[in-house]
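Read off the chains here:
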Amino acid sequence: LIIFNVICFIFFITPIGENYLFLFVQINNKVINDLEVWRLFTAMFLHSDIMHLFSNMFGLLLFGALVENNFSKSEFLFIYFISGLIGNTFSLFLLPIFSISLGASGAIFGLLGASFVLIAFENPSASFFDAVFFIRFPNAYISSYLPNNL
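Residues numbered from 1 in each chain as written. Predicted model: local features only at pLDDT ≥ 70, side-chain atom pairs only at ≥ 80, totals over all residues. Heavy atoms only, no water.

## Let's talk about the pattern of salt bridges
- Taken as a whole and judged by the stated rule, the model has 3 salt bridges.
- Salt-bridge contacts for lysine 30 lead to aspartate 34; the nearest nitrogen and oxygen are separated by 3.7 Å.
- As a salt-bridge pair, lysine 73 and glutamate 68 come within 2.6 Å of each other at their nearest N and O atoms. (Salt bridge = Lys/Arg side-chain N within 4 Å of Asp/Glu carboxyl O.)

And the structure:
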């Protein structure tokens, strides 16, 4: 997924790709009035700039590694895509009709939620403060759950 997101980013910053960008971003007006529902899916692979891409791919690397190591590939992809679609659907209904949105944040937050569930089941005595620490310092927390060969 990281490689595919990077390839999409590189393609859509080229002059050829820029011409097609607005066919794939989530434009709420187009989704609602023209029923272009594919935009809810394709917007997950588009990012506005290099920092947007980097922050989403960093989150995907951190939380995705934990989730992918504890679920099957199909379950991981299900969590990722359903979370992204739910996030984009929320933005569809909560943002103004002429809003344009893109990015994998909804999918990343779904992986974050799955990570919380994994940690809670692994350590039922985990407290609220553990969750706060996890959000502030995810790499320190996740590294204890990854296999030694990563």
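Having seen the model, we can carry on.
## With respect to the side chain of glutamate 36
- Counting through the fold element by element, glutamate 36 comes out in the loop between helix 3 (28-33) and helix 4 (39-42).
- Classification of glutamate 36 by relative accessible area gives buried; the value is 15%.
- Filtering out sequence-adjacent residues up to four positions away, glutamate 36 remains in contact with Lys30 and Val31. (Helix = DSSP H or I, 4+ residues; strand = E, 2+ residues; numbered from the N terminus. Buried < 20%, exposed > 50% of the residue type's maximum accessible area, 1.4 Å probe, protein only. Contact = heavy atoms within 4.5 Å.)

## Details of the packing of aromatic side chains
- A complete count under the given rule lists 8 aromatic pairs for this structure.
- Between phenylalanine 41 and phenylalanine 45 the ring centres are 5.4 Å apart and the planes differ by 65°, which places this aromatic pair in the edge-to-face class.
- Note on phenylalanine 45: relative accessible area 7%, which makes it buried. (Phe/Tyr/Trp six-rings, centres within 6.5 Å; stacked < 30°, edge-to-face > 60°.)

## Remarks on the packing of helix 6 (residues 73-94) against helix 7 (residues 105-122)
- One can describe the packing of helix 6 onto helix 7 by two numbers: an axis separation of 7 Å at closest approach and a directional angle of 125°. In terms of orientation, helix 6 lies oblique with respect to helix 7. The crossing of helix 6 and helix 7 is right-handed. Contacts between helix 6 and helix 7 involve Phe76, Ile79, Tyr80, Ser83, Gly84 and Gly87 from the first element and Gly106, Ala107, Ile108, Gly110, Leu111 and Ala114 from the second. (Axes fitted to C-alpha atoms, helices over the stretch in contact; angles between N-to-C directions. Parallel < 35°, antiparallel > 145°, perpendicular 65-115°, else oblique. Left-handed = near helix turned anticlockwise from the far one by under 90°.)

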